[in-house]
Every structure is written in C-alpha cells, then in structure tokens.
Amino acid sequence: EYNPEYQRLAEVCSCWGNSEMHGPHSIQAGLMMGHKLGMTGGTDTHFSQPGHSAFGPFDLGGITGVICNELNREALWEALYERRCYATTGARILLDFRVNGHIMGSQINKSDVRKVSGKVIGTSKLEWVEIVRNNEVINRFIPDDQSSYEFEFIDEQLMGDILLKPEVSESGDFAFYYLRIKQKDKHWAMSSPVYII
C-alpha cells in the first residue's frame, strides 16, 4: 500500500547496510512500483553519533543531507516533505541533482529531451558518478583523481520508450532519475529521484 501524502521518505542506508538494490523490499523495487520517495540515511543506533556506526570506528553509518533555504525547523520539515534530500554513508558529501532544472525530489512533466545535471563535492576522491534512470545506469562518469565533479547529460531516449506503469499510484505512466556516487574511500551517496509524470 502507498499513501503519497504521508509516505514521503525511505531510509536507503544505515549501519545495517544498504537497501537500494536486491530483492522485493529494496528501494529500487518500491520505486519501480510507483512509490515516489525521498532518500535518507540514518545511523540507526542509540549512541547520538550521526553518521557513525556503533560497531566500530571504521564501519559506515548513514546521514541525510537536506537542501533548504533557511536553517530552521519549518524550512527543514518542508524540504524533507518535498524530498529535497539525499543519503550518504556518513561522509558529509554535497550533492546537487536536477532534471530540466528541477531539483531532486521534484515531480515534472514529460519531455522529449531531458537535461540531467549535477554537482558533487566529496570528502575524498571520487571513484564514479552515475546517472540512474528507472534503476538502470545510463551514464557513468569517472572523475580524474578529483574529489568534486560537475556534469551535464542530455537524455534523448524517446519518452514513450522509458515510461513505466505504476502498481500503486493512480497518476499514470512515469519515469525517474537519480544520482549515485562512490568515493575511493568506499563512502557512497544517493540523491532523491526526480520523477517524470
């Protein structure tokens, strides 16, 4: 079941691991069904150490980056509700991800050509930066020994060829894009998707 008014976010990574892929209870499985979710990361411990695991100093935790206009409760809550957030495995990675100028978490109208753009500012050198469409990697960038990277990609795939049929939504055919990155120190991040409706 899915209630789009109240079910806005999902935790994709924590000290217990990564639930992006693999299996019927994964984030990717939910996205393919039509769940429109923002991505969060959480430590998921009771030790008040955001981004760190309770298992050891080198184990990954999880943290959520939120994009808001002001630093107060109201702006933070609005940004989370609008899915303007992303998950990392604890590193303070900065992500900006957009489709046709619309920021992560947005729902936008169908378009024959989609300009996918973004910027990553990592805490370590980047191993790769991937654009994912409907759970498939459509472009992978390999930054040249850099900890930051900016990109722009034009997706000219026909809209009719990429649309999905929702299982849980009444909104009609849809598609989605998100950004996924990995650093050479093994830290990882995933943006909230931009949804094409």
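Residues numbered from 1 in each chain as written. Predicted model: local features only at pLDDT ≥ 70, side-chain atom pairs only at ≥ 80, totals over all residues. Heavy atoms only, no water.

1. Comments concerning the sheet that holds strand β2 (residues 17-18)
To be explicit about the condition: Any two strands are treated as partners once DSSP identifies two or more bridges connecting them. Helix and strand definitions here come from DSSP, where helices need a minimum of 4 consecutive H or I residues and strands a minimum of 2 consecutive E residues; each element is numbered from the N-terminal end.
In space, the three strands of this open sheet follow the order β2-β1-β3, with mixed pairing throughout. The sheet is open, and its two borders are formed by β2 and β3 (38-41), each paired with just one other strand. With four bridges connecting them, strand β1 (residues 9-14) and β3 associate as parallel partners. Paired with Cys13 across the bridge in β3 is Gly41.

2. Observations concerning the pattern of salt bridges
Basically, it comes down to this: By convention in these notes, a salt bridge is any Lys or Arg side-chain nitrogen within 4 Å of a carboxyl oxygen on Asp or Glu. Only protein chains enter the accessibility calculation, which uses a 1.4 Å probe. A residue is then buried if its area is under 20% of the maximum for its type, exposed if over 50%, and partly exposed in between.
Under the definition given, this model contains ten salt bridges. Here Glu130 and Arg140 are joined by a salt bridge, their closest N and O atoms 2.6 Å apart. In this pair, Glu130 sits in strand β10 (residues 126-133) while Arg140 sits in strand β11 (residues 136-141), placing the two residues ten residues apart along the sequence. Judged by its relative accessible area of 4%, Glu130 falls in the buried class. Arg140 gets classed as partly exposed once you look at its relative accessible area, which sits at 45%. In this structure, Lys165 and Asp173 form a salt bridge, with 3.3 Å as the shortest nitrogen-oxygen distance. If you follow the salt bridges from partner to partner, you end up with Glu20, Glu130, Arg140 and Arg180 in one network.

3. Some words on the state of the cysteines
Here, the word disulfide means a covalent bond between the sulfur atoms of two cysteines. Here is the rule: Criterion for a disulfide: a pair of cysteine sulfur atoms at a distance within 2.5 Å.
According to the stated counting rule, one finds zero disulfides in the structure shown. Note on Cys15: no disulfide assigned, nearest cysteine sulfur contributed by Cys13 at a separation of 10 Å. Free of any disulfide, Cys68 has its nearest neighbouring cysteine sulfur in Cys85, separated by 11 Å.

4. A few points about helix α2 (residues 73-81)
Basically, it comes down to this: To obtain the arc, one takes the directions from the helix axis to the C-beta atoms. Pairs of residues are marked as contacts when any of their non-hydrogen atoms sit within 4.5 Å. Any pair of nitrogen or oxygen atoms within 3.5 Å is treated as a polar contact; in protein, a donor-acceptor pairing is required on top of that, and neighbouring residues in sequence qualify only through side-chain atoms on both sides.
Every buried residue of α2 is accounted for by Ala75, Ala79 and Leu80. Axial view of α2: buried residues confined to an arc of 130 degrees, hence all on one face. The exposed residues of α2 that point more than 90 degrees off its buried face are Arg73, Glu74 and Trp77. Next to the buried residues of α2 lie β1, β4 (63-66) and β5 (85-88). A distance of 3.2 Å separates the backbone nitrogen of Glu74 from a side-chain oxygen at the start of α2, and that oxygen is part of Asn72. Of the residues one or two after α2, Arg83 is the one with positive phi, at around 65 degrees.

5. Here's the deal with the packing of aromatic side chains
Let me state the cut-off plainly: Two aromatic rings from Phe, Tyr or Trp, using only the six-membered ring of Trp, form a pair when their centres are within 6.5 Å; if the ring planes differ by under 30 degrees the pair is stacked, by over 60 it is edge-to-face, and anything between is tilted. Two limits define a charge over a ring: the Lys NZ or Arg CZ must be within 6 Å of the ring centre, and within 35 degrees of the ring normal.
Evaluation of the coordinates by the stated rule reveals five aromatic pairs. On the basis of an interplanar angle of 40 degrees and a centroid distance of 5.6 Å, the ring pair of Phe141 and Tyr149 is categorised as tilted. Positioned over the ring face of Tyr81 is Arg8, at 4.0 Å from the centre of the ring. Lying over the aromatic face of Phe174, Lys36 brings its terminal NZ or CZ to 5.1 Å of the ring centre.

6. So, the nonpolar core
We count it as follows: What is meant by a nonpolar core is a set of buried Ala, Val, Leu, Ile, Met, Phe, Trp, Tyr and Cys residues, joined one to another through side-chain atoms within 4.5 Å.
Ranked by size, the top nonpolar core spans 26 residues in total, and within it Leu95, Phe97 and Ile181 carry the most contacts. Of all the elements in the fold, those that place two or more residues in this core are β6 (94-99), β9 (114-121), β10, β12 (148-155), α3 (159-162), β13 (175-183) and β15 (194-196). Broken down by element, this core gets its largest block of residues, four residues, from β13. In this structure Leu95 touches Ile67, Tyr86, Met104, Lys119, Val120, Leu179, Ile181, Ala189, Met190 and Ser191, once residues within four positions along its chain are discounted.

7. Some remarks on the environment of Asp112
In this structure, Asp112 sits in the loop between β8 (107-108) and β9. Take Asp112: its relative accessible area is 60%, and that puts it in the exposed class. Put simply, Asp112 and Trp188 are 76 residues apart on the chain and 31 Å apart in space, counted from C-alpha to C-alpha. If we skip the residues at most four places from it in the chain, Asp112 touches Asp155, Glu156, Gln157 and Met159.

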